[in-house]
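# Reading the structure
Listed here are the chains, written in short residue letters.
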Amino acid sequence: MEQQTVTYEVQQNVATISLNRPAVKNAINSDMHRELYSAFVQANEDSDVRVIVLTGSGDAFSSGADLKSVATEKLGDIDYGDYLKETYNKLLLYMDTIQKPTVAYINGIAVGAGLSLALACDFRVAEYDAKMGISFLKIGLVPDAGASYYLPRLVGLGKALEMSLGEPISAEEAYRIGLVHKIGQPDEFVEQLLNLPTTAYGLMKNVMGSSYEHTLAEVLQMEEEAQTAAGKTKEHIMAVQRFITK
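Cut-offs used in this document
- Residues numbered from 1 in each chain as written.
- Predicted model: local features only at pLDDT ≥ 70, side-chain atom pairs only at ≥ 80, totals over all residues.
- Heavy atoms only, no water.
- Axes fitted to C-alpha atoms, helices over the stretch in contact; angles between N-to-C directions.
- Helix = DSSP H or I, 4+ residues; strand = E, 2+ residues; numbered from the N terminus.
- Parallel < 35°, antiparallel > 145°, perpendicular 65-115°, else oblique.
- Contact = heavy atoms within 4.5 Å.
- Nonpolar A, V, L, I, M, F, W, Y, C, P; charged D, E, K, R; others polar.
- 1 Å grid on protein atoms, 1.4 Å probe; cavity = no way out; pocket = protein on both sides within 12 Å on 5 of 7 lines; lining within 4 Å.
- Points joined across faces, edges and corners; volume = space filled by probe spheres on them.

## Comments concerning the packing of helix H10 (residues 198-210) against helix H11 (residues 216-231)
- Running from N to C, H10 and H11 point in directions that differ by 175 degrees, and their axes come no closer than 10 Å. As far as their axial angle goes, H11 and H10 are roughly antiparallel. Contact residues: H10 offers Leu203, Asn206, Val207 and Ser210, while H11 offers Val219, Met222, Glu223, Ala226, Ala229 and Ala230.
- Split by residue class, the contact of H10 with H11 holds seven nonpolar, two polar and one charged.

## Details of the layout of surface pockets
- What the largest pocket holds in volume is close to 790 Å³.
- Taken together, 25 residues make up the lining of the largest pocket; nearest its centre are Asp96, Asp122, Tyr150, Lys205 and Gly209.
- At the level of elements, helix H4 (88-95), strand S7 (123-126), helix H6 (147-155) and H10 are the ones that each hand at least two residues to the lining of the largest pocket.
- Among the elements that line the lining of the largest pocket, the one with the most residues is H10, at seven residues.
- Here the residues of the lining of the largest pocket sort into 14 nonpolar, six polar and five charged.

## Considerations on empty space enclosed by the protein
- A full pass over the atoms with the stated rule returns one cavity of 30 Å³ or more.
- Taken as a whole, the largest cavity holds about 30 Å³ of empty space.
- Together, Arg50, Pro101, Leu193, Leu194, Leu196, Pro197, Thr198 and Tyr201 line the largest cavity.
- At the level of elements, helix H9 (187-194) and H10 are the ones that each hand at least two residues to the lining of the largest cavity.
- Its residues placed into classes, the lining of the largest cavity shows six nonpolar, one polar and one charged.

Quick look at the structure:
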């Protein structure tokens, strides 16, 4: 499939999905939405892919939604909710089903919906000069593309509200508040993820992701079921055998 706004490549079990509109800081338009969705499906369904990395081309991760591509109607008549339903929300719900580790490599500015996409990944690695911000209020809109869900869970409600005022933060500040996991290149971190037992990781991700909406008793039950499944995997059996032979 020819891709123009998104590039896709697989090397050594890592699928790299790159937002590819560098002239506009990888602003997200309708074409990019379609190609992003297809790329994530391709990476998810490829049995050779163990880790998925999302990044941007050029010197930016993403400047957010391409408002010029959305505002084709008279301002005030646009139903942004319908647009979200057919674009970001469809993509985010699919990303949430992916059992493989997903990493956002924030190689430059990531603001608005661009940062939202990074928040939807399991992990975030940012370059030293990266800037991150939730800038929706500055144009009279509310945070979307999953930011209202992920940001408070990652940094707490108070910090999420503060960030939503629109001032960008540095990579160092993002690391300090737990928004990113590492500063610098993602290679070493991705290598660590490649060595994870894929099945157990997916089970863990499901249980932890569901824990906010369930009671302790329900989560304990989910752990029982996940552990039953993990205990039957070849990855677990081989790991125990290696431990015993040591």
